[in-house]
Each structure stands twice: as structure tokens, then as C-alpha cells.
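What follows is each chain in one-letter form.
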Amino acid sequence: MAPFDLDACIQQLLRKQLLHEALLREICEKTKEVLMRESNVVHVSAPVTVVGDIHGDISNRRIRSTHKLLVPRYSPRMALAKGQGFTLILEGDYVDRGLFSVETISLLTCLKLRYPDRVQLIRGNHESRAVTQTYGFYSECVRKYNSSHVWTYFTDMFDFLTLSVVIDNQIFCVHGGLSPSIHSIDQIKVVDRFREIPHEGPMADLVWSDPDPEKEDFAISPRGAGYTFGAGVVHKFLQQNQMSHILRAHQLCMEGYASLFDKHLSTVWSAPNYCYRCGNSASILEVGPGGSMYFNVFEAAPENERDGPAQQAQQNASGRLPEYFL
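On a predicted model such as this, the values are computed, not experimentally measured, just so you know. (Residues numbered from 1 in each chain as written. Predicted model: local features only at pLDDT ≥ 70, side-chain atom pairs only at ≥ 80, totals over all residues. Heavy atoms only, no water.)

## Considering the side chain of Ser164
Condition: Going along the chain from the N terminus, every DSSP run of H or I of four or more residues is numbered as a helix, and every run of E of two or more is numbered as a strand. Under this definition, polar contacts are N or O atom pairs within 3.5 Å; protein pairs additionally need one hydrogen-donor-capable and one acceptor-capable atom, and for neighbouring residues in sequence, both atoms have to be side-chain atoms. The contact definition used throughout considers only heavy atoms, calling two residues in contact when any of these lie within 4.5 Å.
Structurally, Ser164 can be placed in strand 5 (residues 164-167). A polar contact is formed between the side chain of Ser164 and the backbone oxygen of Asn40, at a distance of 3.0 Å. Ignoring sequence-local partners within four residues, the contact set of Ser164 consists of Asn40, Val41, Val42, Ile122, Phe172, Cys173 and Ile188.

Given below as C-alpha cells:
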């Protein structure tokens, strides 16, 4: 296949225009080659912008604009020197629930391939074959491409996503939470991640677990996978790994974010008006040198209403097929 223009692909996806199936296959294969070289624990330095669950919301203007910050002439909000680089961390759950999962994961994959050292994609519990067959991504791929091939390209690529990121050796970033099987960062580094998310074990715990402010220790999770964990677990993990904070996603926050355990753990949620009906705010977190944190809170974009389920149903009923480009 002839070389493709990643910048053109990114701009096309920002206009909500699908990429051709053959092009997505090539992009996913090349992205797997990049991801394969990454550790289960990727170490980065501040400044960093962190994005929580997106769930197929490409109408989200804050998410769509983050790619501009990767271009050297832009700088993030925190008065950084012009042209100083920063890292974009996405904490998983890119697909399902929303109506534009294909466009969203296509865009993020292109960004990863375009800026491999500055875009870090953490695996969430929805980056899974089993989950995406239930919550929308599989059916969306079939509807938009008239086959399941695109779903296969992306779910195969999900097996290569990293499990965590550490900022300045101080902030541990993961999708879900902690595991009773993992006490140190070094134990995460030896987990076999190149596979479908298992039903149990440390890899499952990292993407499924949740904090519980009412508990001290681990307990069985009501989700049916992973664990809940309390203040004692958090403080012990941070102390043992000489860190100061755990940053995760995975749970809807009506205010866009939440802080627990004397602000030693934060949840960032980046899908406003989740499922087009929750009415919640969302946030993107900016982490500066020295560990400073600013939660940039926002509401759903106006097109979140125009592109909602009712409009999608009308389009499907009209029998119109999506346009393919490139």
C-alpha cells in the first residue's frame, strides 16, 4: 500500500469523515508495531494533559482540540514556554456507549502513530472483544463498514495497549485501579498484556477496579470484575512505590472529576452528558512540573444534542450509507 498522509487522516477524522477500511487496517498494523515496543509501565515527564473516558464522543470539542497542543507552536494553559513539548495521556474507554466510536478510536490511533512518544494510550476495560460486542462498538463497525473487519483490526490492536503510565516517578496513571496481586510497579512490568483482557487476575484488576471511600482494604467489586479498594490500600501502594498520587478514570463523575483519600487519588471523566442523558460535566486534567494539577471542566458541545440517538435513528431509517474517503 502507498504511504498515507497521517495529518490528512487526522483532519478528515476531525470532520467526522470515516477512513477507508483498507487504510484503517494499515494504520492499526503500524500502530501495533509502535505499541509493541512500549513497556507495561510508560514513564513520562510533565507537562502532561490527561484525558479520562471518552466513549465515542467525537463531538467533544476539548478532546478534538487536544491534538493542537501536540504541535510545537501551541502550548497548554499553564504558561509554558512556547514550543515546549508535553505528553497527552488517554486513560482508556475510547469506544462504546457513544455513537462515534469508530471515528474516535480512528483519530486517537492516528495521533498515536503521528506522535508516538507524546501520545500514550492506556487500555481500559472497554478495549476488549467481549465488552465491545455488548456495548456498541461491534455493531457500529458493522453498520458503518458493512462488515466486522474494522472491529477486528481495532480489537487486535487493543491487545498491544499499555497498562499504565507514571508521571515524573510520582503519579501513577491507570484506567481502573489497584490489585491485591500487585504491590510494586515492577510487578506490573512483567504482566503478559498482549492478549484479551482476562476475567480475573492483575491485568483485569488494573482495568476494572474502583476506589471505595468507605473501605480500608480490598473487597469484591459489584461490577463482577476487579475489586474495590480503600484508603489503606492507596496509602500503602504509594508509600511502597515512593509516589504521591494515583490518577485513574473508569467511573462517571457528575462534576467531571473527583478526589479521594486526602487527595491522594483522583478520577478524571472526559465524556460530558454520558450516554446522551446523564447531564454530567466532564474534565481534562493538566499536570504541570512539580505535580501541580488543574482540572479543566467543560460541558457537552451543542452538537452532542444534534448528533444524539434520535438523529442517528433517523439516519439509519433513511437507508443512507456512510461516505468513504481516501
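## Focus on the UniProt feature "domain: Serine/threonine specific protein phosphatases" (unreviewed entry) in the chain
Operational definition: UniProt positions are given in the numbering used here, feature names are shortened, and annotations may be inferred rather than shown by experiment.
What UniProt calls "domain: Serine/threonine specific protein phosphatases" (unreviewed entry) maps, in this numbering, to residues 122-127. Taken end to end, residues 122-127 is 0% helix and 0% strand, and its first and last C-alpha atoms sit 9 Å apart.

## Looking at the packing of helix 4 (residues 101-114) against helix 6 (residues 137-145)
As a reminder of what qualifies: Helix axes are fitted to C-alpha atoms over the stretch in contact, other axes to C-alpha atoms as well, and angles between N-to-C directions run from 0 to 180 degrees. Working rule for angles: under 35 degrees goes down as roughly parallel, over 145 as roughly antiparallel, 65 to 115 as roughly perpendicular, anything else as oblique. Side-chain classes are defined by residue name, with Ala, Val, Leu, Ile, Met, Phe, Trp, Tyr, Cys and Pro counting as nonpolar, Asp, Glu, Lys and Arg as charged, and the others, Gly among them, as polar.
Between helix 4 and helix 6, whose axes approach to 9 Å, the crossing angle comes to 95°. In terms of their interaxial angle, helix 4 and helix 6 are classed as roughly perpendicular. Residues Ser101, Val102, Glu103 and Ile105 of helix 4 form the contact with helix 6, whose participating residues are Phe137, Glu140, Cys141, Lys144 and Tyr145. Here the residues of the contact of helix 4 with helix 6 sort into five nonpolar, one polar and three charged.

## Quick look at helix 7 (residues 149-158)
Our working rule: Residue exposure (1.4 Å probe, protein chains only): buried if accessible area is under 20% of the type maximum, exposed if over 50%, otherwise partly exposed.
Burial analysis of helix 7 places seven of its 10 residues in the buried class, the great majority of the element. Within the sequence span of helix 7, burial applies to Val150, Trp151, Tyr153, Phe154, Thr155, Met157 and Phe158. Along its buried surface, helix 7 packs onto helix 2 (21-36), helix 4, helix 5 (129-135) and helix 6.

## A word on empty space enclosed by the protein
Our working definition: Residues are called lining when one of their atoms sits within 4 Å of a cavity or pocket point, these points coming from a 1 Å grid over the protein atoms alone, where a cavity is a set in which a 1.4 Å probe fits but cannot get out and a pocket is an open set with protein on both sides within 12 Å along at least five of seven lines. Grid points are joined across faces, edges and corners, and a volume is the space filled by probe spheres set on the points.
The final tally for this structure, using the stated rule, is two cavities of 30 Å³ or more. Taken as a whole, the largest cavity spans an internal volume of roughly 80 Å³. What lines the largest cavity is a set of 12 residues, among which His55, Asp57, Asn273, Tyr274 and Cys275 lie closest to the centre. Its residues placed into classes, the lining of the largest cavity shows six nonpolar, four polar and two charged.

## A short note on the sheet that holds strand 8 (residues 219-220)
Convention followed: Note: two strands are recorded as paired if DSSP finds a minimum of 2 bridges between them.
Pairing within the open sheet is mixed, and its three strands lie in the order 7-9-8. Only two strands of the sheet have a single partner each, and these edge strands are strand 7 (210-211) and strand 8.

## Considering the pairing of strand 12 (residues 265-268)
Where burial is concerned, the two faces of strand 12 agree: the one with Leu265 and Thr267 and the one with Ser266 and Val268 are both buried. Sheet analysis places strand 10 (residues 245-248) next to strand 12, joined by three bridges and oriented parallel. Its bridge partner lying in strand 12, Arg248 is registered against Thr267. When strand 11 (residues 257-260) meets strand 12, the two strands line up antiparallel, connected through four bridges. Looking at strand 12, one finds that Ser259 is bridged to Ser266. What sits between the antiparallel neighbours strand 11 and strand 12 is a turn of four residues, in which Phe261 has the positive phi angle 55°.

## What about the nonpolar core?
Just so we agree on the cut-off: Nine residue types can take part in a nonpolar core, namely buried Ala, Val, Leu, Ile, Met, Phe, Trp, Tyr and Cys, and a core is a set of them joined through side-chain atoms within 4.5 Å.
Counting 47 residues, the largest nonpolar core has Leu19, Leu90, Tyr94, Cys110, Phe137, Phe154 and Phe158 as the members making the most contacts within it. Mapped by element, the contributors of at least two residues to this core are helix 1 (6-14), helix 2, strand 3 (87-90), helix 4, strand 4 (119-121), helix 6, helix 7 and strand 13 (282-287). The dominant element in this core, judged by the number of residues it contributes, is helix 4, at seven residues. Leave out the neighbours within four places in its chain, and Phe137 touches Val95, Asp96, Ser101, Val102, Ile105, Thr132, Trp151, Phe154 and Phe158. If you look at the next biggest cluster of nonpolar residues, it comprises 28 residues, including Val166, Ile188, Ile246 and Phe261.

## So, helix 6
To keep it simple, the criterion reads: Of all possible arcs, the one meant is that of the directions from the helix axis to the C-beta atoms.
Along helix 6, the residues that are buried comprise Phe137, Glu140, Cys141, Lys144 and Tyr145. Take helix 6 and look down its axis: the buried residues cluster within an arc of 100°, on one side only. Lining the buried residues of helix 6 we find helix 2, helix 4, helix 5 and helix 7. Note on helix 6: the residue one or two positions beyond its end, Asn146, has a positive phi of about 60°.

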